[in-house]
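Residue-level structure breakdown
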Amino acid sequence: MTDKPRILLTTPWPRRAIEAMREHFDLDVHEGPLPMPEDRWLDALQAYDGIAPTVIDRLPPQAYETVQNRTKVLGNFGVGYNHIDIAAAKSGGLGVSNTPGVLTDATADQAMGLLLAAARGISRGDWHIRAGEWRGWNPIDLLGTHVTGATLGIIGFGRIGQAMAKRAHFGFDMPVVFHNRSRIDPKVTAALGARQLDSIEAVLGASDFVSLHCPGGGENRHLINATRLAAMKPTAFLINTARGDVVDETAMAEALRTGQIAGAGLDVFEDEPKVHPDLTSLKNCVLNPHLGSATEATRTEMGLLVMANLQAFFKGDPMPNAVA
Ligand code: 8YV
């Protein structure tokens, strides 16, 4: 027996983060099947003081009934928490934290990587060689789209959107325009060579690349729909490292198939791990399996930040990254 709080991770984490967690908590790790099945969730809610879920978890409604549950806090491993009903958590008195900041650079790196891969045929060229199709250099094969100096449009100018702007502006001389629900401090905007526009349509119409960095769920579901895809230039690319549901995937697949937009770089999908079948057969999109934060260092930092939040919670202090 131990008097440490009992915590369950709904999926394994990097080793160093698990070892750190074990110093402070009586820790169990659900190894599979993934996502954690509902009956395991229902048992866990009675057996653990806190649970650390991830984006793949489907929480049962009972998760928010804190009076009946032993579980009083969720330390979400990830910055996005659209898989958690925050209103229900608040009304049920369930604490929820997330992991902002530590994954900003990794995710912006991935977004820039997808932009380059989609524009410059980096993934297509790789497949070209593997398929034995390369017959030698020539001046007209696999021509891509020029990136340096092209206009980048960003939807959602929070930490990750700004990190993307920084890469584009300082690394690739790209003029940056963006849309954000609230006004961004003009000093921040100016330092990134960026310009805030009043509507999403204005950003879409002005951009050679559109990168999504807003939260998923709620009113952002299908923010990029058929009408907005039609507002993009036919030469433009859509990059999504935010959440799959921000884009109407069927409409996007159609826009890619008909050439209404030139291409896409996608890290997230509406119904992961399922991917719209049209996307897997189209050559003008690059697909990644939700790798935005996927470096050993970043995933470890995410685990350590979950730990810091849970430690604060069990000490009775405010969690540094509380979202409920
Ligand atoms: C995480 C992410 O790996 O943090 C996020 O919101 O999208 C990813 O980078 C994932 O959410 C883990 O829960």
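Residues numbered from 1 in each chain as written. Predicted model: local features only at pLDDT ≥ 70, side-chain atom pairs only at ≥ 80, totals over all residues. Heavy atoms only, no water.

**Side note on the sheet that holds strand β10 (residues 237–240)**
Spatially, 7 strands are ordered β8-β7-β6-β9-β10-β11-β12 in an open sheet, and the strand pairing comes out parallel. Each edge of the sheet is formed by a strand with only one pairing partner; in this case those strands are β8 (194–196) and β12 (285–287). Taking each pair of neighbouring strands and ignoring which way they run, the sheet shows an average axis angle of 20°. Pairing geometry for strand β6 (residues 152–155) and strand β9 (residues 209–212), over 4 bridges, is parallel. (Pairing = 2+ DSSP bridges. Helix = DSSP H or I, 4+ residues; strand = E, 2+ residues; numbered from the N terminus. Axes fitted to C-alpha atoms, helices over the stretch in contact; angles between N-to-C directions.)

**Some details on the side chain of Asp-245**
Among the structural elements, Asp-245 can be located in the loop between β10 and α10 (249–258). Comment: no salt bridge for buried Asp-245; closest opposite-charge side chain is Arg-221, at 5.3 Å. There is a polar contact of 3.0 Å between the side chain of Asp-245 and the backbone nitrogen of Gly-217. If we skip the residues at most four places from it in the chain, Asp-245 touches Gly-216, Gly-217, Asn-220, Arg-221, His-222 and Glu-270. (Buried < 20%, exposed > 50% of the residue type's maximum accessible area, 1.4 Å probe, protein only. Lys, Arg positive; Asp, Glu negative; His and termini not counted. Salt bridge = Lys/Arg side-chain N within 4 Å of Asp/Glu carboxyl O. Polar contact = N/O pair within 3.5 Å; in protein donor to acceptor, adjacent residues only side chain to side chain. Contact = heavy atoms within 4.5 Å.)

**Digging into the packing of helix α1 (residues 15–24) against helix α12 (residues 296–315)**
Relative orientation and spacing of two packed helices are given, respectively, by the angle between their axes and the distance between those axes. In the contact formed by α1 and α12, the axes pass within 8 Å of each other and the chain directions differ by 15°. Viewed along their axes, α1 and α12 adopt a mutual orientation that is roughly parallel. α12 is crossed by α1, and the crossing has right-handed handedness. Of the residues in α12, those touching α1 at Arg-16, Ala-17, Ala-20, Met-21 and His-24 are Thr-300, Glu-301, Gly-303, Leu-304, Met-307, Leu-310 and Gln-311. Its residues assigned to classes, the contact of α1 with α12 shows 6 nonpolar, 4 polar and 2 charged. (Parallel < 35°, antiparallel > 145°, perpendicular 65-115°, else oblique. Left-handed = near helix turned anticlockwise from the far one by under 90°. Nonpolar A, V, L, I, M, F, W, Y, C, P; charged D, E, K, R; others polar.)

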